[in-house]
Amino acid sequence: MSMLFIHYYVLYTIGCIRENLFPMPNLIIRKRYSTTLNLNHYGFGDKMGCVLAECLKDLPHIEAVNLADNNLTDDSLKYLIQAIMCIPSLQDLNLSRNKIDGESSDALAEYVSDPNCPLITLTLQSADVDDGEADRFIQCLISNGKLLELDLSSNFCLLYTSD
């Protein structure tokens, strides 16, 4: 067992004990080498999302993170996005079917405006994104030359401009 594995696994376990949550090791342990962390449809909620955020940046070789449909809100999404910002190899992020509000859209704006943001695909389907929230990070895309795909389908945003 490598020291890196022990590090993020211990962080995760300590976080679960602190929050009185039943640990779900399959959230952080990948049985085979994979560059994708696919956690869609677990429905684990904000408490587990915050615990996951504490160790997410330490997971090795991550190129894609799928957190779709996990009952996440600003209470955990802002921390998850901040942790994701520390993953220099991340190319694909899916936060669909969670609830993007002010704090998480501000965190996304900070992330996509960073010139070192490696994202190529950002998926936010049915994430309760309205015009104000979308505007926060869409304005930042002007300075981002790497992001090639932004999926905002099935949201409440019209993305109009008042020229």
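Fair warning: this is a prediction, and the values are worked out from it, not measured in the lab.

Caption draft 1: Here's a closer look at the pattern of salt bridges. Taken as a whole, this structure holds 6 salt bridges when the rule is applied. We note a salt bridge from R18 to E19, for which the minimum N-O separation is 3.3 Å. For R18, the salt bridge is made with E54, and the minimal N-O distance between the two is 2.4 Å. Here the residue R18 occupies a position in helix α1 (residues 3–18), and E54 occupies one in helix α2 (residues 45–56), the gap between them amounting to 36 residues. Overall, the relative accessible area of 29% leaves E54 in the partly exposed class.

Caption draft 2: Looking closely at the confidence of the model for the protein chain. Mean pLDDT for the protein chain: 88, with 90% of residues reaching 70 or above. Model confidence for the protein chain, summarised as mean pLDDT per element, is weakest for α1 at 75 and strongest for strand β3 (residues 92–94) at 98. Between residues 1–5, whose pLDDT stays under 50, and residues either more than four places distant or in other chains, the model counts 4 contacts.

Caption draft 3: Up close: the environment of L27. Position of L27 among the secondary structure elements: in the loop between α1 and β1 (36–38). C-alpha of L27 to C-alpha of V65: the two residues are 38 residues apart in sequence and 11 Å apart in space. Filtering out sequence-adjacent residues up to four positions away, L27 remains in contact with Y12, L37, L39, Y42, F44, M48 and L52.

Caption draft 4: Just α2, in detail. Along its 12 residues, α2 runs 16 Å from first to last C-alpha, staying within 8% of the 16 Å computed at 1.5 Å per residue. When you tally the buried positions in α2, you get 9 out of 12 residues, the bulk of the element. The complete set of buried residues in α2 reads G45, D46, M48, G49, V51, L52, A53, C55 and L56.

Caption draft 5: Up close: the sheet that holds strand β2 (residues 64–66). On the basis of which strands lie adjacent, the open sheet formed by 5 strands has the order β1-β2-β3-β4-β5 and parallel pairing. This sheet does not close on itself; its edge strands, each paired only once, are β1 and β5 (149–151). Across the sheet, the mean angle separating the axes of adjacent strands is 5° when strand polarity is ignored. By the bridge criterion, 3 bridges tie β1 to β2 in an arrangement that is parallel. Within the sheet, the bridge partner assigned to L37 lies in β2 and is V65.

Analysis parameters
- Residues numbered from 1 in each chain as written.
- Predicted model: local features only at pLDDT ≥ 70, side-chain atom pairs only at ≥ 80, totals over all residues.
- Heavy atoms only, no water.
- Salt bridge = Lys/Arg side-chain N within 4 Å of Asp/Glu carboxyl O.
- Helix = DSSP H or I, 4+ residues; strand = E, 2+ residues; numbered from the N terminus.
- Buried < 20%, exposed > 50% of the residue type's maximum accessible area, 1.4 Å probe, protein only.
- pLDDT = per-residue confidence, 0-100.
- Contact = heavy atoms within 4.5 Å.
- Expected span 1.5 Å × (residues − 1).
- Pairing = 2+ DSSP bridges.
- Axes fitted to C-alpha atoms, helices over the stretch in contact; angles between N-to-C directions.

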